[in-house]
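Spelled out from the first residue to the last, the chains are:
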Amino acid sequence: MRRLTLLVWLTIGILGATGLLSAWGVTSPPVAAQKGGNWPQISLTRLVGGLSQPVHITHAGDGSRRLFIVEQSGRIRIVKNNVLLDTPFLNITGRVLCCGERGLLSVAFPPGYANKGYFYVNYTRKPDGDTVVARYRITTDPDVADPDSEEIVLIVGQPYANHNGGQLAFGPDGYLYIGMGDGGSAGDPGNRAQNPGELLGKLLRIDVESGANPYAIPASNPYTRTTGYQGEIWALGLRNPWRFAFDRERGDLYIADVGQNRYEEVDYQPASSRGGENYGWRILEGSHCYNPPSGCVPPGRYVQPVAEYDHTQGCSVTGGMVYRGQIYPRMQGIYFYGDYCSGRIWGLKRGVTWQTVLLLDSPYALSTFGEDEAGNLYVADHAGGGIYRLADTVVSTPTDTPTATPSPTTTPMPTRTPTRVLIPMLIATSPVSGTVRFAVIGDYGLASQPEQDVADLVKSWNPDFVITTGDNNYPRGAAATIDQNIGQYYHEFIYPYTGDYGTGATSNRFFPSLGNHDWMTADAAPYLDYFTLPGNERYYDFVWGPVHLFALDSDSREPDGIASTSAQAAWLRSRLALSTAPWKLVYMHHPPFSSGLHG
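Just so you know, the residues in each chain are numbered from 1, in the order the chain's sequence is written. Totals for whole chains, interfaces and linings use all residues, but because this is a predicted model, local features are given only for residues with pLDDT of at least 70 and pairs of side-chain atoms are given and counted only at 80 or more. Each side-chain value is derived from all of the structure's non-hydrogen atoms; neither hydrogens nor water enter the calculation.

### Focus: the overall build of the chain
Put simply, DSSP H or I for four residues or longer makes a helix, DSSP E for two residues or longer makes a strand, and each gets a number counted from the N terminus. Counting secondary structure elements, the chain contains 4 helices and 37 strands. Only protein chains enter the accessibility calculation, which uses a 1.4 Å probe; a residue whose area is less than 20% of its type maximum is buried, one above 50% is exposed, and one in between is partly exposed. Sorting the 599 residues of the chain into buried and exposed places 57% on the buried side. If you take every contact in the chain between residues at least 6 apart in sequence, the share linking residues at least 24 apart comes to 63%. Carbon and sulfur atoms make up 52% of the accessible area of the chain, which totals about 22,900 Å². Residue contacts are defined here by distance: any two heavy atoms, one from each residue, within 4.5 Å place the two residues in contact. The Shrake-Rupley method, run with a 1.4 Å probe sphere, supplies the accessible areas, and residue values consider only the shown protein chains as cover.

### Side note on the nonpolar core
Counting 38 residues, the largest nonpolar core has Ile76, Phe89, Phe119 and Val121 as its most contacted members. Of all hydrophobic cores here, the second largest spans 36 residues; its members include Tyr444, Ile467, Tyr489 and Leu528. Here, nonpolar core means buried Ala, Val, Leu, Ile, Met, Phe, Trp, Tyr and Cys residues that are tied together by side-chain atoms lying within 4.5 Å of each other.

### Let's talk about helix H2 (residues 479-490)
Given the number of residues in a helix, its expected span is that number minus one, multiplied by 1.5 Å. Its 12 residues place the ends of H2 17 Å apart at the C-alpha level, agreeing with the 16 Å of an ideal helix rising 1.5 Å per residue. On its buried face, H2 sits against strand S32 (435-442), helix H1 (449-460), strand S34 (510-511) and helix H3 (525-530).

### A closer look at unusual backbone geometry
Residue Pro214 is bonded to the preceding Asn213 through a cis peptide linkage, with omega at 0°. Locating Pro214 in the fold gives a position in the loop between strand S16 (202-206) and strand S17 (233-236). A cis amide bond, omega 10°, links Trp281 with the succeeding residue Arg282. One can find Arg282 in the loop between strand S20 (263-269) and strand S21 (284-285). For Ser185, which is not a glycine, the phi torsion comes out positive at approximately 65°.

### Some details on the packing of aromatic side chains
Whether two aromatic rings pair depends on their centres lying within 6.5 Å, for rings of Phe, Tyr and Trp, where Trp uses its six-membered ring; planes under 30 degrees apart make the pair stacked, over 60 edge-to-face, and the rest tilted. All chains considered together, the criterion is met by 36 aromatic pairs. Between the aromatic rings of Phe109 and Tyr113, the centroid separation amounts to 4.8 Å while the plane-to-plane angle is 75°, which identifies the pairing as edge-to-face. Judged by its relative accessible area of 3%, Tyr113 falls in the buried class. Taken together, a centroid distance of 6.3 Å and an interplanar angle of 20° make the contact between Phe119 and Tyr136 stacked.

### Thoughts on the environment of Ser342
As for its placement among the helices and strands, Ser342 is situated in the loop between strand S25 (335-339) and strand S26 (344-350). Each C-alpha atom, one on Ser342 and one on Tyr364, is 7.8 Å from the other, the two residues being 22 residues apart in sequence. Discounting chain neighbours no more than four positions away, the residues touching Ser342 are Gln313, Gly314, Asp361 and Ser362. Under this definition, polar contacts are N or O atom pairs within 3.5 Å; protein pairs additionally need one hydrogen-donor-capable and one acceptor-capable atom, and for neighbouring residues in sequence, both atoms have to be side-chain atoms. Reaching out from Ser342, the side chain makes a polar contact with the backbone oxygen of Gln313 at a distance of 2.9 Å.

### As for the pattern of salt bridges
We count a salt bridge whenever a side-chain nitrogen from Lys or Arg sits within 4 Å of a carboxyl oxygen from Asp or Glu. For the coordinates displayed, the defined rule picks out 24 salt bridges. Measuring nitrogen to oxygen at the nearest pair gives 2.9 Å for the salt bridge that ties Glu249 to Arg575. Remark: Arg575 occurs in helix H4 (residues 567-578) and Glu249 occurs in the loop between strand S18 (243-246) and strand S19 (253-257); sequence separation between them is 326 residues. Of the residues examined, Arg575 reaches a relative accessible area of 5% and is grouped as buried. A single salt-bridge network, built from bridges that share partners, covers Asp247, Glu249, Arg324, Asp541 and Arg575.

### Digging into the sheet that holds S16
A pair of strands is considered paired only if DSSP assigns at least 2 bridges between the two. Ordered in space as S14-S15-S16-S17, the 4 strands form an open sheet in which the pairing is antiparallel. For this open sheet the edge positions go to strand S14 (168-170) and S17, each flanked by a neighbour on one side alone. The average angle at which neighbouring strand axes cross in this sheet is 20°, direction not considered. Summarising the sheet, S16 and S17 pair through 3 bridges and their orientation is antiparallel. Paired with Leu204 across the two strands is Ile233, which belongs to S17. The convention used is that axes are lines fitted to C-alpha atoms, helices contributing only their stretch in contact, and that angles between N-to-C directions extend from 0 to 180 degrees.

### Observations concerning the environment of Thr87
Position of Thr87 among the secondary structure elements: in the loop between strand S8 (83-84) and strand S9 (90-91). Thr87 sits in the partly exposed class, given a relative accessible area of 48%. The sequence separation of Thr87 and Arg75 amounts to 12 residues, and the corresponding C-alpha distance is 9.9 Å.

### Overview of the state of the cysteines
What counts as a disulfide here is a pair of cysteine sulfur atoms lying within 2.5 Å. For the coordinates displayed, the defined rule picks out 3 disulfides. The disulfide that involves Cys315 links it to Cys341, with 1.6 Å between the sulfurs. Residue Cys315 is found in the loop between strand S23 (307-310) and strand S24 (317-322), and its partner Cys341 is found in the loop between S25 and S26; the two are separated by 26 residues along the sequence. Look at the chain and number its bonded cysteines as they come in the sequence; the links are 1-2, 3-4, 5-6.

### Section: H1
Taking 1.5 Å per residue as the helical rise, H1 with its 12 residues ought to reach 16 Å, and the 16 Å between its terminal C-alpha atoms agrees with that figure. Restricting attention to buried positions, one finds in H1 the residues Glu451, Val454, Ala455 and Val458. All buried residues of H1 lie within an arc of 100° about the axis, which places them on one face of the element. Those residues of H1 that are exposed and aimed more than 90 degrees away from the buried face are Gln449 and Ser460. Positive backbone phi, at 55°, marks Asn462, one or two positions downstream of H1. Directions drawn from the helix axis to the C-beta atoms are what define this arc.

### Focus on the sheet that holds strand S27 (residues 354-361)
The 4 strands are arranged S24-S25-S26-S27 in an open sheet whose pairing can be described as antiparallel. Edge positions in the open sheet fall to S24 and S27, since each of these has one partner strand only. On average, each strand axis in the sheet is tilted by 25° relative to the strand beside it, whichever way the strands run. Bridge count for S25 against S26 is 4 bridges, and the pairing is antiparallel. By the bridge assignment, Phe336 is partnered in S26 with Gly347.

### Here we look at the confidence of the model for the chain
By definition, pLDDT measures how confident the predictor is in each residue, and it falls between 0 and 100. Put simply, the chain has an average pLDDT of 87, and 86% of its residues get 70 or more. Below a pLDDT of 50 lies the segment residues 11-34, which in the model reaches 65 contacts outside its immediate sequence neighbourhood of four places, other chains included. A low-confidence stretch, residues 397-433 stays under pLDDT 50, and its non-local contacts, those more than four residues away or across chains, total 107 contacts.

Set out below in structure tokens:
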């Protein structure tokens, strides 16, 4: 096919000030919205009661439809068929130093738990209150774990009794994320959150499923090769990230960081993040100077919160979750979060800008949010011991507790380990404005003077990003030619870039699609190894301002198929249906209909 080079401008009127997005995340001030539009009208309905200081709600992902409720004193309880079982799933009260901000604080089940039979907990230990991350195993009864099966994974010293963090969660990449507070007292007196040599005040990311003892540090962690930094660090500058959660559909991460005296905040990390964000504490509290109280200079790689509120509205933010259930259409895609002191619940969603709305003023001490396998959301009342389900007045199905709707099955490439288990959507990290400018190139990828001429033309247009319509690496998609065919001309758009032709981008701005020549060597392995793209990397989607783009693999060797009945087609239909962007663009190498050879 002949070379295709286009410059595309999409201009859309956008209300309000332009938001600035950095390579490390959202840095535009959060926007508060007046309640209106299609926000849900939520209520809380009690599921069960009789718990003692519940602090965490989750599921095992094993198809059992059980809810697991963590009690702060050191027990994990099971809700099965809407009934709270009398026998605890786990009882380690003898090991746990409780209470205040100490205790058994969370439980996390690894991917494939049904075939593994072990799980992880985070607690503060007797007698010194240090943080322990440990692995436990179940007995022959799947509803009862063995309290004597403990395998210590990580111990982190705690200088004070408060700000222990405590959240564990497996990310869509299969790694274990651990929220660590700054060590306590007030104002982070040791400046630990900004000290890269300490694990306190950080979000950690470790590999506990590779068989390494006690764990491995992923090579893709941002500071594994940086002198003075602990390799476990994924993000830093956190005061007390009590609760954080991944969007189960898109892979985005929301972190609620409890404030000091004035402000509570919600931080955001897109699924495309490579880590290294600094959320500012103790230099800033929310988006406001703390130490020093004025004239502060944000740290490097600083990312502002996407939502914050002052202490006239509460005193301790409780991080929530993004609703991905099937019952309440108006709740879809909204991140729900609350406040422990005031009982208020807000909704947060992203359009052209971030919007947050107060949805409910409840009487409960909201200690945590959680979800079941079907995506329904729950909150816990720490003081009253009840678990409550979120609901909206508008429903789409009469089924009270539906079975989770499976995502289209995708086939992993046998020669590579996917970087993500889910298929997350990349959120653009460029300025959002009325004009989105991008270039489309195709059948390029052959080092030569004409290739240089085309690249120079593309760069002269100063596009926000570049997409390709395949055949990126002639003649046979080989590893030996890919950098000279692509990186030589477009390295400024590629992240991460490790080739030989200069400096790469600080965030990815190059989004190729596969062509038949890319498949000619080792089932496209050189292409998949060279680029770091969302999802399974063969087909994926991303959003840039008001534009939602979908890159497809139209080659017959695609493991998930290319027919209208294929898994790839089902994925595309699902993603298109969920998209709220005003512009939706699908691109691929082989057009569905053509008068040429590639139709």
